[in-house]
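What follows is each chain in one-letter form.
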Amino acid sequence: MLMEEIQKKGSLVFAVNGEKFELPCIDPSTTLLQFLRSDTCFKSPKLGCGEGGCGACVVLVSKYDPKLKKVEDFSVSSCLTLLCSLNACSITTSEGLGNTRDGFHSIHERFAGFHASQCGFCTPGMCMSFFSALVNAEKGNKPNPPPGFSKLTSSEAEMAIAGNLCRCTGYRPIADACKTFAADVDIEDLGFNSFWKKGDSKETKVSKLPPYDPTKNFSTYPEFLKSESATNLDSSRYPWYSPVSIEELQSLLNSNLTENGVSFKLVVGNTGTGYYKETQRYDHYVDLRYIPELSIVKRDQMSIEVGATVTISKLISFLKEESKVDSGSYGKLVSKKLAYHMEKIASPFVRNSASVGGNLVMAQKNGFPSDIATLFLGLSATVSLMTSHGLEKLTWEELLSRPPLDSRTVLLSVSIPFKKDQSSLQNRSKFLFETYRAAPRPHGNALAYVNAAFQSEVSLYHNSVLINNIQLAFGAYGTKHATRAKKVEEYLTGKVLNLHVLHEALKLVKLAVIPEDGTLHPEYRSSLAVSYVFEFLYPFTDVHSAISGGLLAGINDISVEEVSESSNDGCISQGRKQTLLSSAKQVVESSTEYYPVGEPLKKVGAAMQAAGEAVYVDDIPSPPNCLHGAFIYSTKPLAAVKGIQLKSNQLTDGVIDIITFKDIPSGGANVGAMTISEPEPLFAEDLVRCAGDRIAVVVADSQRSADVAARTALIDYDTANMDSPMLTAEQAVEKSSFIQIPPFLHPKEVGDFSKGMAEADHKILSAEIRLGSEYHFYMETQTALAIPDEDNCMVVYASSQNPEKAHHVIASCLGVPEHNIRVITRRVGGGFGGKSVRAMPVSTACALAAYKLRRPVRIYVNRNSDMIMTGGRHPMKVTYSVGFKSSGKITALHLDILINAGITEDMSPVLPLSVINSLKKYDWGALSFDVKLCKTNLTSKTTMRGPGDVQGSYIAEAIIEHVSSLLSMEVDSVRNENLHTFESLNLFYDNIVEAGEYTLPSIMDKLAVSSSFFQRSKVLEQFNQKNTWKKRGISRIPIVFEAMQRASPGKVSILQDGSIVVEVGGIELGQGLWTKVRQMTAYALGLIESSWAEDLVEKVRVIQADTLSVVQGGLTAGSTTSESSCEAIRLCCNVLVERLTPLKKQLQEKNGSVDWPTLIRQAQQQSVSLAANSYYVPEFGSRSYLNFGAAVSEVEIDVLTGETTILQSDIIYDCGQSLNPAVDMGQIEGAFVHGIGFFMHEEYLTNEDGLMVSNSTWTYKIPTIDTIPQNFNVHVLNSGHHKKRVLSSKNSGEPPLLLAASVHCATRAAIKAARKQLKLWDKLDASVSEFYLDVPAILPVVKTQCGLDYVEKFLETLLAQKSN
Ligand SMILES: Cc1cc2nc3c(=O)[nH]c(=O)nc-3n(C[C@H](O)[C@H](O)[C@H](O)COP(=O)(O)OP(=O)(O)OC[C@H]3O[C@@H](n4cnc5c(N)ncnc54)[C@H](O)[C@@H]3O)c2cc1C
Ligand code: FES
Ligand code: FES
């Protein structure tokens, strides 16, 4: 067809990775991600959240401007981008950059070589976020970089991925891989990788990196698409309008398009749907981006005008340019501050399509907690609207106070007026402008607790600063929309600023900024507002220091050269950093004893994962007729379900069925999971027993229809005559509602508690610790695909850590023999324990639906439901009594531990043992306890990385902290005092450790030296004395972690060409199991001839777990599955070696030499069996062993906001003789950062019914690159030979998570310093050190412990000093 014809038709035409797509018709609400994943072979963009909050779906969009003949490239979240908005665009996904067939891109290879991909689910999105930054950096006019590098700076490289989440790696290796491209990087600063050898020169290192040549960057925009770029979609064929002028838009909105109940939606970037989920379908969309006036951003003498469709990224670029040109000091200042603030809104891939107008309309219409709304309010912006009556201009403030805009009103533009410039004020006064935001993540991808924008004009008056006028705007604090603190403004206007005035003003701020009922952390938010105003004005209360600090530069008679900003007061420094991460060191001690075991080989398939070709369950193409399911869950904790009603809606048109317990075939059972003793029902029958309980699965022809139907379903509950639900452990105790702990899982007490107490000089009685839950946040949510097969058989592809048990449960539910079921798991996009048991109901429900409907059914649980239904970590309440000597030596400890296990047994019975085992890391003298597993009406709590261990280890630290605070002793010395001796260790751990294996004391000493712990402790004290607003703390903690090995099967088959296929029971979850198994296979088969071992590595392929191919696969958990799978493989190889060695000898004798292919060929000919099976069962006496490690962390808290920055963490971890130190390093760093999430960030919130309510990426904040330690040093210690371990190795997956308590303890120390300051001011009635710091220590928690009125107390102290 001729190009002209297509243009005439106005078809939807675009390209993906150079391939042309032309769609004659489309549902306009289809997102790019839906299209890519269901209609193309490009599966690298993953669905991680569907909210714009994770980055797993990021792709590059390229647009061609035919007038300028330029291509614009930018990253977007494909889960929010509507396909129709991409007409004539080119899309590049990670597999488009490079792949297994055409060769990988250097980004993929460097990610792989720097060990930056574990489960791999986040990696393609990371790569695309980074690629977008790379492509754009090359277009800039910076000088050409040295060969092999790009024009990107290290800081830009880090910021490029700041909005992408990764739950596995801990980000450090990802940052390093990205920084290898940065022209300004010091190559010596880059971390451990598989390219370089020790001693390589800088030049050699650069030459060994997979080459990057920007001149060879492929074209992101194919030639054939250029001719399409001038055409808009034909609105007669697509329900998509693209008006090209305001007039056209006006007539469109006034036309009958919008009449007769026809629904339409104005749209720009569509990112708003990340927050406001759509549950209705619009008949038409009106795309505003083609109206030139709406996409203009310009400055004139009077103002900056921003068209409504200008994206936030474009506005930032414009403002950055503005801040460079001479637009007057006011314009410069405003531009700079706005750009700086806006860079913290969302993430690059959201800002690239999010429009300024869309943001403001969301704020105006829906009360969205916008930053831009506050910034523009603070700047007295005006807006232009097009209403049904015509055009209108008004102030943004006026518009905010109007009722929500109707759907026909269009925001056209915003104008930021310039104040009179400095020169026109004849240098008698000065404008100040500053913006603020404090959020769970410092660099974006998190809504602010409060944001603010302040401006003021001040002048000098009798040696003081006079406030001529002031404007204070606050937003996002739990208010319908941003507001001005008018009373404060009135009070301050015309006042000469002094401490008293400021103090009074702050009182008014507190009255002005009051969050609405139901807002989280209301007092914190009010106090944050106070902090901001204080920070803005305090520097001007002392005119001399304001002048010497340059704050009043520009006013007559003040001869300071540089105009500086109000924040630069020398005291309250904002400390803007160059790069997020300053340095990191990785030390590995590998061993060649079992070569290639022990080599830091890169992860199997890492480059393929980066390219997005690795296949996860949802990447398996849907078979014909495939249906999709979504869970309907209860929102009540205890109720009878009388009925389920689906809301009729266009989006739910495709619903086929609702599957409930009634659909379980006769002979089958209502069972969804099985663990230790009690089976768990698949669906609630008469009663729902917790909020999040499974009621049914809606099955529809698309995942979206199923999801919307489930989300909007109305459930008729009956709560009459119901007992009140038990939500807390205490309520369960009252009703004696417990889960039994089998005797073999009972932990053992030590010594005589009463005797120990009698020896004590001091006692703490009945102190309490409470710990909450945590969500796994694996990047791939729960998913399965069930395909019916002949003769009542079923194949289920499951993302599971326990396919064997899932298999058993599915067969029980369907009532078929187990040989009818086959569960296949290739890889899992992160599990962290959440797919051990909680994955079983998903696979089973899928199989049940497929069985009933005789069609394939897949379920990909959406993030919001997954968070509600999965359950997470066990909350606990601990009451302890402890006796201790004046020296700090503890003589006795008793604990009453109530573990909230939720509604079903799951793996909870193992918790008591793991809590107590890790708590035993100290010598408590005598240890007694009573642990109860409370059965409550919460979702079942389940295994999660370090289940029980992390709580036990933390409880131990909290007790040590408590003891030391009572004794006023250094915590570190109390820790030391109570570290085990070899003898006491064996007393507590049942003689598990052999002489020479107890490495902890030496690790603690070594760490003190390598981290300069004692020197830094002193420096830090001086820092704290000098600084009022920032306080630092440091902490060193040890861990002891008991690991348990389990039986595991293996199978090794050698094929005709000598390639080797390996099957193991263990599942590859990102923990590097396949890589270690591959190395073990090469080592063990290499025993035939050691020189073959290196080549054998490449011949090994570990394949998917298939429950009919290898039985008794067991559970992949507890960090030991890699080693037990390795051992199982070693046993198989031993058999093969035994069979092949005589033949090899014969051949060698005959031919002089023999190689592997010849040996295998001969073996085939001589009918030697080339497959072997094994089942490794650890010897009874060596099933458990202890892991040791220690960490030092130093943090800095901002007393004004409560924000904690981790300045440095140093870890030494004993890995035995690591099977692969690169993999173990990744596990250690990843687990530590995961632990930072638990201790510092992840707020798991439930409502009064126990329903999890922080169930989105908006409210649940796992660590991002900007929250990890700025200096991160990890030493993987090789502690030599352990004869009972698998090739002397130890595990690394979970224990390092416990070390992150060091960050929490350091934060506590920093808070102590702040409280000490209060004490010095005589403003603290309570004790300096006796306080309990909640987990997680989020900003409100830290600031609360420092004192929400710290600022006021500071001012009162100064005022009192002045009046004396
Ligand atoms: C993950 C994520 C994080 C975010 N974090 C922040 C943050 O920290 N701070 C912050 O301030 N914002 C944040 N946002 C919000 C973001 O800025 C807005 O989603 C975005 O600016 C909306 O622009 P859009 O073009 O995508 O609007 P769309 O989604 O296209 O539209 C949003 C709404 O506005 C209407 N609309 C759009 N333009 C107009 C117009 N000109 N006239 C009338 N109606 C119109 C639409 O009909 C729709 O109802 C975040 C968003 C995401 C997805
Ligand atoms: S899936 Fe799109 S950002 Fe998470
Ligand atoms: S590798 Fe990043 S989420 Fe698994």
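Residues numbered from 1 in each chain as written. Chains lettered and ligands numbered in written order. Predicted model: local features only at pLDDT ≥ 70, side-chain atom pairs only at ≥ 80, totals over all residues. Heavy atoms only, no water.

**Structural notes on the overall build of the chain**
Our working rule: Secondary structure elements follow DSSP: runs of H or I no shorter than four residues count as helices, runs of E no shorter than two count as strands, and numbering proceeds from the N terminus. Radius of gyration here is computed from C-alpha atoms only, and the compact-globule reference equals 2.2 Å multiplied by the residue count raised to the power 0.38. Relative accessible area decides the class of each residue, using a 1.4 Å probe on protein chains only: under 20% of the type maximum gives buried, over 50% gives exposed, and in between gives partly exposed. Contacts are assigned to residue pairs with any non-hydrogen atoms lying within 4.5 Å of each other. Each accessible area is a Shrake-Rupley estimate made with a 1.4 Å probe; only the visible protein chains count as cover when residues are assessed. Positive: Lys, Arg. Negative: Asp, Glu. His and the chain ends are not part of the count. One atom stands in for each charge, and that atom is NZ of Lys, CZ of Arg, CG of Asp or CD of Glu.
Per the secondary structure count, the chain includes 42 helices and 44 strands. In terms of overall size, the chain behaves like a compact globule, its C-alpha atoms giving a radius of gyration of 32 Å where 1364 residues would be expected to give roughly 34 Å. Along the longest, intermediate and shortest principal axes, the C-alpha atoms of the chain span 100 × 90 × 80 Å. Here the chain holds 1364 residues, and the buried ones make up 65% of them. Of all intrachain contacts in the chain linking residues separated by at least 6 positions in sequence, the fraction that spans at least 24 positions is 78%. For the chain, the exposed area adds up to about 48,400 Å²; of that, 50% sits on carbon and sulfur atoms. Computed over 133 positive and 148 negative side-chain charges, the separation of the two mean positions in the chain equals 1 Å.

**Quick look at the site of ligand 1**
What counts, and what does not: A cutoff of 4 Å decides nearness: a residue is near a molecule or strand if any of its heavy atoms lies inside that distance of it. Pairing of N or O atoms within 3.5 Å defines a polar contact, subject to two protein rules: one partner must be a possible hydrogen donor and the other a possible acceptor, and residues neighboring in sequence count only if both atoms are side-chain atoms. Polar here means any residue outside two lists: the nonpolar Ala, Val, Leu, Ile, Met, Phe, Trp, Tyr, Cys and Pro, and the charged Asp, Glu, Lys and Arg; Gly therefore counts as polar.
Lining the immediate surroundings of ligand 1 are 35 residues, of which Leu266, Thr271, Gly272, Ser355 and Asp371 lie closest. Measuring from an oxygen atom of ligand 1, one finds a backbone N or O atom of valine 268 at 2.8 Å. The contact in question runs from an oxygen atom of ligand 1 to an N or O atom on the side chain of arginine 437, over 3.1 Å. Summarising the interface, the protein chains cover 96% of the accessible area of ligand 1, which totals 970 Å² for the free molecule. Counting residues per element, the ones that place at least two in the shell around ligand 1 are strand E7 (264–267), helix H14 (356–366), helix H15 (371–378) and strand E13 (410–417). Residue contributions to the shell around ligand 1 peak at 4 residues, all from H14. When the residues that make up the shell around ligand 1 are grouped by side-chain class, the tally is 20 nonpolar, 11 polar and 4 charged.

**Quick notes on unusual backbone geometry**
Note the cis peptide between tyrosine 595 and proline 596, where omega equals 0°. Here proline 596 lies in the loop between strand E19 (583–588) and helix H21 (606–611). Cis geometry marks the peptide bond from valine 1335 to proline 1336; its omega dihedral reads 0°. As for its position among the elements, proline 1336 is in the loop between helix H40 (1301–1320) and helix H41 (1339–1346). Positioned with a positive phi, asparagine 721 is a non-glycine residue whose angle comes to about 60°. One non-glycine residue, leucine 1287, lies in positive phi territory at about 45°. If you trace the backbone, leucine 1287 turns up in the loop between strand E44 (1271–1277) and helix H39 (1295–1298).

**Some details on the packing of helix H36 (residues 1121–1151) against helix H37 (residues 1156–1165)**
Keep this limit in mind: Geometry is summarised by axes, namely lines fitted to C-alpha atoms with helices restricted to the contacting stretch, and by angles between N-to-C directions that run from 0 to 180 degrees. In this scheme, roughly parallel covers angles under 35 degrees and roughly antiparallel covers those over 145, while 65 to 115 is roughly perpendicular and the rest are oblique. When the near helix sits turned anticlockwise from the far one by under a right angle, the crossing is termed left-handed; a clockwise turn instead gives a right-handed crossing.
Where H36 contacts H37, the two axes come as close as 10 Å, and the packing angle between them is 110°. Considering their axes alone, H36 and H37 lie roughly perpendicular with respect to each other. Considering only the axes of H36 and H37, their crossing is right-handed. Contacts between H36 and H37 involve Leu1140, Leu1143, Lys1144 and Leu1147 on the former and, on the latter, Thr1158, Leu1159, Ile1160, Gln1162 and Ala1163.

**Comments concerning the pairing of strand E31 (residues 821–825)**
So the rule is basically this: Any two strands with at least two DSSP bridges between them are considered paired. A clockwise course of the path from the first strand over the helix to the second, judged with the strands pointing away from the viewer, identifies a crossover as right-handed.
Counted residue by residue, E31 has 4 buried out of 5 residues, so it is predominantly covered. Relative to E31, strand E30 (residues 793–798) is paired through 4 bridges, and the arrangement is parallel. Note on E31: the bridge partner recorded for methionine 794 is isoleucine 821. Crossover handedness for the path E30 to helix H25 (residues 803–814) to E31: right-handed. Sheet topology places E31 next to strand E40 (residues 1105–1106); 2 bridges connect them, and they run antiparallel. Looking at E40, one finds that isoleucine 824 is bridged to aspartate 1106.

**Side note on the sheet that holds strand E8 (residues 284–287)**
Across the sheet, which stays open at both edges, the 3 strands sit in the order E6-E8-E7 with parallel pairing between neighbours. Looking at strand neighbours, the two that pair on one side only are strand E6 (240–241) and E7, the edges of this open sheet. Bridging between E6 and E8 involves 2 bridges; their strand directions are parallel. For tyrosine 241, the partnering residue across the bridge sits in E8 and is valine 286.

**Observations concerning the packing of helix H28 (residues 911–919) against helix H29 (residues 949–967)**
Contact geometry of H28 with H29 gives a least axis separation of 7 Å together with a crossing angle of 40°. The two elements H28 and H29 meet at a crossing, and its hand is right-handed. Only Asp949, Gly952, Ser953, Ile955 and Ala956 of H29 make contact with H28, whose side of the interface consists of Ser914, Val915, Ser918 and Leu919. Partitioning the contact of H28 with H29 into residue classes produces 4 nonpolar, 4 polar and 1 charged.

**With respect to the sheet that holds strand E43 (residues 1204–1214)**
Pairing within the open sheet is mixed, and its 5 strands lie in the order E19-E44-E43-E42-E36. Each end of this open sheet is capped by a strand with a single partner; those strands are E19 and strand E36 (1030–1044). For this sheet, the mean inter-axis angle between neighbouring strands, taken without regard to orientation, is 10°. Pairing of E36 with strand E42 (residues 1184–1198), which is carried by 15 bridges, proceeds in the antiparallel orientation. Note on E42: the bridge partner recorded for glycine 1033 is valine 1195.

**Things to note about the nonpolar core**
So the rule is basically this: By convention a nonpolar core is built from buried Ala, Val, Leu, Ile, Met, Phe, Trp, Tyr and Cys residues, the set being connected through side-chain atoms within 4.5 Å.
Residues Phe376, Phe474, Leu492, Leu895 and Trp924 are the most contacted members of the largest nonpolar core, which totals 313 residues. When neighbours within four sequence positions are excluded, leucine 895 is seen to be in contact with Val878, Thr879, Tyr880, Leu919, Leu927, Ser928, Phe929, Asp930, Ile955 and Ile959.

**Considerations on H36**
Definition in use: Given a helix with a known number of residues, its expected span is that number minus one, times 1.5 Å.
Over its 31 residues, H36 runs 42 Å from end to end, which matches the ideal 45 Å to within 8%, given 1.5 Å per residue. Glycine 1152 sits one or two residues past H36 and shows a positive phi near 90°.

**As for the environment of serine 380**
As for its position among the elements, serine 380 is in the loop between H15 and strand E11 (382–387). Those residues in contact with serine 380 that lie beyond four places of it in its chain are Pro417, Gln455 and Gln471. Side-chain polar atoms of serine 380 contact the side chain of glutamine 471, separated by 2.5 Å.

**Regarding the environment of threonine 1307**
Among the structural elements, threonine 1307 can be located in helix H40. Put simply, threonine 1307 and isoleucine 620 are 687 residues apart on the chain and 45 Å apart in space, counted from C-alpha to C-alpha.

**Considering the pattern of salt bridges**
Once the charged atoms of two side chains with opposite charge are near each other, the side chains can pair. What counts, and what does not: By definition here, a salt bridge exists when the distance from a side-chain nitrogen of Lys or Arg to a carboxyl oxygen of Asp or Glu is within 4 Å.
What the rule picks out here adds up to 66 salt bridges. Between aspartate 619 and arginine 37 there is a salt bridge, with its nearest N and O atoms 2.5 Å apart. In this pair, aspartate 619 is assigned in the loop between H21 and strand E20 (627–633) and arginine 37 in helix H2 (residues 32–39), connecting sequence segments 582 residues apart. The class of aspartate 619 is buried, set by a relative accessible area of 6%. With its nearest N and O atoms 3.0 Å apart, the salt bridge here joins aspartate 663 to lysine 852. With a gap of 189 residues between them, aspartate 663 in the loop between strand E22 (655–659) and strand E23 (673–674) and lysine 852 in helix H26 (residues 840–853) connect regions that are remote in the sequence. On the basis of relative accessible area, aspartate 663 is assigned to the buried category, the value being 18%. When its relative accessible area of 34% is taken as the criterion, lysine 852 is described as partly exposed.

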